[in-house]
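These are the residues of each chain, in order.
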Amino acid sequence: MTSPAATPRLQTGVLAEQVVRRFGDRTVLDHLDLRIEDEELVVLLGPSGCGKSTLLRLLAGLDRPDEGRIEVPAKRAVVFQGDRLLPWQRVLRNVTLGLRGPDADQRARKALADVHLAGREKAWPKQLSGGEAQRVALARALVAEPELVLLDEPFAALDAITRLRMHDLVRELRRNHHAAMLLVTHDVDEAIALADRIVVMSNGRIGDTHRVDLSTADRAVSVAREQLRAALLVDLGLAGQH
Amino acid sequence: MTDISLVPVLIPSDPVPAASVRSQSREVFLPAHSRGVTRFGALRHRFHWPLGIYTTPLLIVVLWEILGRVGVLPPTYAPTPTEIAGTAVQLWQDGSLGPDLAISLQRAGIGLAIGLSVGIVTGVLGGFLRRGEYLFNGVAQILNTIPLLAVLPLMIVWFGIDELTKVLLIAFGAGVPMYLNLFAAIRNVDQRLIEMARTTGASTFRIVTRVLVPGALPGFLVGLRFSLAYSVLGLVAAETVNANHGLGFLVTQAQTYLQTNQVFVGLVIYSILGLIADQFVRILERVLLRWRPSYEAV
């Protein structure tokens, strides 16, 4: 803890510097740099297998980098692609998993109400639909008021309509929860719908960055949206195919 | 979109009409209760396995009774169930069955308590700690391959022919399957759930109590089922050696004097013990594993 590299440099947000991660002789992350400001929602976009999830796991502290340096808030939460609910605990106890203190149940109830699941506290996970289960997973992540929320393709397994509802929910939650967010996805439309900034990953590094300063309505339909979408498809090497 | 059809295009000269080209097998689903209630159906519903899993054993007993009464089964080989029941009542009134049963249950109880304690403690240590695995797993795997009955002569040499051997044999029978199942159950808890729990900031104690223990519970109950079954097996084996009390003694003595009735009384009691043990675990499963979406047989 006394070595200079282990001393934090920032008070808020995420800082990743020259991060390298290898699996065998395959370098997945190659001297990657990323900075996320406080309360900023960054969408990490890239084709599957490009190392998006690897980076997210490093930021979550689930894996360690082979080289470089990562600095994240200690209070952070992860929403995984699957809901990863404990099937043997009712919804409320799933949300209180990481909580301590006598007001844990109360806070969990509030978090469930925030994701519009008030009254479902006593349900078993097997009784929930896919969208409901993923909302419980969101509540579980947000209940501890984290400073960083990492979302690993959280809505990829949901149907299109449910996914749109979840996007609305995320926007709504951002008004009440002041956390930096990193959302990993391969869905260009999802990226445009939610991001303050979209970063495209390629060859194990952050390639192009697009700041998105559009209103919610403009994110749905506008010329700027279409231009952004076209630019993102070029970045992903998909131009001309769509 | 929906106009895209998989029906082959009809050639006008084709004599076969379109309907018969398509497969005619279709299924219609209606609410389960909407089927017409015929008299046979109502009757069937009423007599539809009225005793659940006990239906088949009861039918066998009835058939056995009939065959015995008719004279197909000679009484010296297989006395009828009513005769066996009569013998049991008689033995009970003699005052010889009660104490024998009590002493057998006591042996099984002590043996189970020792076996389950050792099995659970070592299973938990082996499941949670790498060092525990190295310490216990090899021994447990070796012990698992040794048949229970083959250990008996050795135990007699080591611990004599008294209670200790009997209790230890039962404990051995109960402990090994408990260790093996509990160890496997803890190691097979979904790694992704443990990872998730770590990201919520839950303490190690929380992760053990809310993730690992409940996750290992189904495997634990499988172990318990095996332990109870093997302890009854151990009980039977142990009691045939130099017993002067207990169910095994009753059976061996009856065998010596060709009292088939009494042999059957002993066997019936052993089987009832096994049945009770199984029902006990079943109830535990129903209460503790309510969360599990399991296959409901038709």
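Each chain carries its own residue numbering, running from 1 in the direction its sequence is written. Working convention: letters from A go to chains and numbers from 1 go to ligands, in the order in which they are written. Two thresholds apply to this predicted model, a pLDDT of at least 70 for residue-level local features and 80 or more for giving and counting side-chain atom pairs, whereas whole-chain, interface and lining totals are computed over all residues. The basis for every side-chain value is the complete set of non-hydrogen atoms in the structure, without hydrogens or water.

**Here's the deal with the overall build of chain B**
Our working rule: Every helix listed is a DSSP run of H or I at least four residues long, and every strand listed is a run of E at least two residues long, numbered separately from the N terminus. Only protein chains enter the accessibility calculation, which uses a 1.4 Å probe. A residue is then buried if its area is under 20% of the maximum for its type, exposed if over 50%, and partly exposed in between. By definition in these notes, contact holds between two residues if any of their heavy atoms fall within 4.5 Å. Only the protein chains shown count as cover for residues, with accessible areas throughout obtained via the Shrake-Rupley method and a probe of 1.4 Å.
Looking only at helices and strands, chain B has 12 helices and 0 strands in total. When the helices and strands of chain B are read in sequence order from the N terminus, they spell out α-α-α-α-α-α-α-α-α-α-α-α. Buried positions account for 35% of the 298 residues belonging to chain B. Look at the contacts in chain B between residues 6 or more apart in sequence, and 72% of them connect residues 24 or more apart. Only carbon and sulfur atoms are counted for the fraction: they give 68% of the accessible area of chain B, which is about 19,400 Å².

**Points about the interface of chain B and chain A**
Threshold: Buried area is calculated as the accessible area (1.4 Å probe) missing from two parts once they are joined, with the contributions of both summed. The salt bridge definition used is simple: a Lys or Arg side-chain nitrogen within 4 Å of an Asp or Glu carboxyl oxygen. N or O atoms closer than or at 3.5 Å make up a polar contact, with two conditions inside protein: a donor-capable atom paired with an acceptor-capable one, and, for residues adjacent in sequence, both atoms drawn from side chains. Under the convention adopted here, Pro, Cys and the residues Ala, Val, Leu, Ile, Met, Phe, Trp and Tyr are nonpolar, Asp, Glu, Lys and Arg are charged, and Gly plus all remaining residues are polar.
Listed by partner, the interface residues are 20 residues for chain B and 22 residues for chain A. Note on chain B versus chain A: buried area summed over both sides is about 2,000 Å², and carbon and sulfur give 59% of it. Our count for the contact surface shared by chain B and chain A stands at 2 salt bridges. Between Glu195(B) and Arg84(A) there is a salt bridge; the shortest N-O distance is 3.0 Å. Applying the counting criterion to the chain B and chain A interface returns 10 residue pairs in polar contact (both at pLDDT 80 or more). Mapped by element, the contributors of at least two residues to the side of chain B that touches chain A are helix H9 (191-199) and helix H10 (204-239) of chain B. Of all the elements, H9(B) adds the most residues to the side of chain B that touches chain A, at 7 residues. For the side of chain B that touches chain A, the class distribution of residues is 8 nonpolar, 5 polar and 7 charged.

**As for the confidence of the model for chain B**
Operational definition: The quantity known as pLDDT measures the predictor's confidence residue by residue, on a range of 0 to 100.
On average, residues of chain B score 83 in pLDDT, and 85% of them are at 70 or above. Summarising per-element confidence for chain B, the mean pLDDT is lowest in helix H1 (residues 18-21) of chain B (54) and highest in H9(B) (92).

**Examining the sheet that holds strand E7 (residues 180-185) of chain A**
Residues and elements named next belong to chain A. Applied cut-off: Think of it this way: DSSP has to see at least two bridges between two strands before they count as a pair. Axis angles are defined between N-to-C directions and span 0 to 180 degrees, where every axis is a line fitted to C-alpha atoms and, for a helix, only to the segment in contact.
Spatially, the 6 strands line up as an open sheet ordered E5-E6-E7-E3-E8-E9, and their pairing is mixed. Where the open sheet ends on each side, the last strands, each with one partner, are strand E5 (76-79) and strand E9 (205-211). Sheet twist, expressed as the average angle between the axes of neighbouring strands with direction ignored, equals 20°. Inspection of the sheet shows strand E3 (residues 41-45) paired to strand E8 (residues 197-202) by 4 bridges, in the parallel sense. Note on E8: the bridge partner recorded for Val43 is Ile198. In this fold helix H8 (residues 223-235) packs onto E3, E8 and E9, with an angle of close to 175° to the strand it touches most, E9.

**A short note on the side chain of Glu65(B)**
Residues and elements named next belong to chain B. Mapping Glu65 onto the fold places it in helix H3 (residues 55-70). Judged by its relative accessible area of 13%, Glu65 falls in the buried class. Here Glu65 is in contact with Thr80, Pro81 and Thr82, once residues within four sequence places are set aside.

**Section: the packing of aromatic side chains**
Note the threshold: Put simply, two rings from Phe, Tyr or Trp (the six-membered ring, in Trp's case) pair if the centres are within 6.5 Å, and we call them stacked under 30 degrees between planes, edge-to-face over 60, tilted for the rest. A ring is scored as having a charge over it whenever the NZ atom of a lysine or the CZ atom of an arginine sits within 6 Å of its centre and within 35 degrees of its normal.
Within this structure, the stated rule accounts for 6 aromatic pairs over all chains. Cluster of aromatic residues (ring-pair linked, three or more members): Phe136(B), Tyr179(B) and Phe183(B). In this structure, Arg84(A) packs its charged tip against the face of Phe80(A), placed 3.9 Å from the ring centre.

**Examining unusual backbone geometry**
Residue and element names in this part refer to chain A. Of note in this structure, Arg84 is not a glycine but carries a positive phi near 50°. As for its placement among the helices and strands, Arg84 is situated in the loop between E5 and helix H2 (91-95). Judged by relative accessible area, Arg84 falls into the buried class, the value being 18%. The backbone of Asn203 sits at a positive phi, close to 50°, despite the residue not being glycine. Looking at the secondary structure, you find Asn203 in the loop between E8 and E9.

**Observations regarding the sheet that holds strand E4 (residues 67-71) of chain A**
All names here are of chain A. In space, the 3 strands of this open sheet follow the order E2-E1-E4, with antiparallel pairing throughout. In the strand order of this sheet, the two ends are held by strand E2 (26-36) and E4, each with one partner. Mean inter-strand twist for the sheet, computed between neighbouring axes without regard to direction, equals 25°. One ladder, built from 4 bridges, connects strand E1 (residues 14-23) with E4; its direction is antiparallel. By the bridge assignment for E4, Val20 is matched with Glu67. Lying on the sheet, helix H1 (residues 52-60) is in contact with E1, E2 and E4; it crosses E2 at an angle near 60°.

**Things to note about helix H7 (residues 148-159) of chain B**
All names here are of chain B. The test is simple: Expected span, for any helix, means 1.5 Å times one less than how many residues it has. The directions considered for the arc are those from the helix axis to the C-beta atoms.
The terminal C-alpha atoms of H7, which comprises 12 residues, lie 16 Å apart, in line with the 16 Å expected from a rise of 1.5 Å per residue. For H7, the set of buried residues is Leu148, Val151, Leu152 and Met155. Buried positions in H7, seen along its axis, are confined to an arc of 125° and lie on one side of it. Looking at the buried positions of H7, the neighbouring elements they touch are helix H8 (163-187) and H10. Of the residues trailing H7, Gly160 is marked for its positive phi of about 80°.

**Details of the environment of Leu117(A)**
Residues and elements named next belong to chain A. In this fold, Leu117 is placed in the loop between helix H3 (104-114) and helix H4 (130-142). Each C-alpha atom of the pair Leu117 and Phe23 lies 40 Å from the other, and the pair is 94 residues apart in sequence. Beyond its immediate sequence surroundings of up to four residues, Leu117 is in contact with Leu112, Glu132, Arg135 and Val136.

**What to know about the nonpolar core**
The cut-off we apply is this: Each nonpolar core is a collection of buried residues, namely Ala, Val, Leu, Ile, Met, Phe, Trp, Tyr and Cys, held together in the definition by side-chain atoms within 4.5 Å.
Core analysis: the biggest nonpolar cluster contains 56 residues, and Leu29(A), Leu44(A), Leu150(A) and Val211(B) have the highest contact counts within it. Apart from residues no more than four positions distant in its own chain, Leu150(A) is found in contact with Leu56(A), Leu59(A), Ala60(A), Ala77(A), Val78(A), Val79(A) and Leu182(A). One finds Val43(A), Ala77(A), Leu173(A) and Ala191(A) within the second-largest nonpolar core, a separate group that totals 50 residues.

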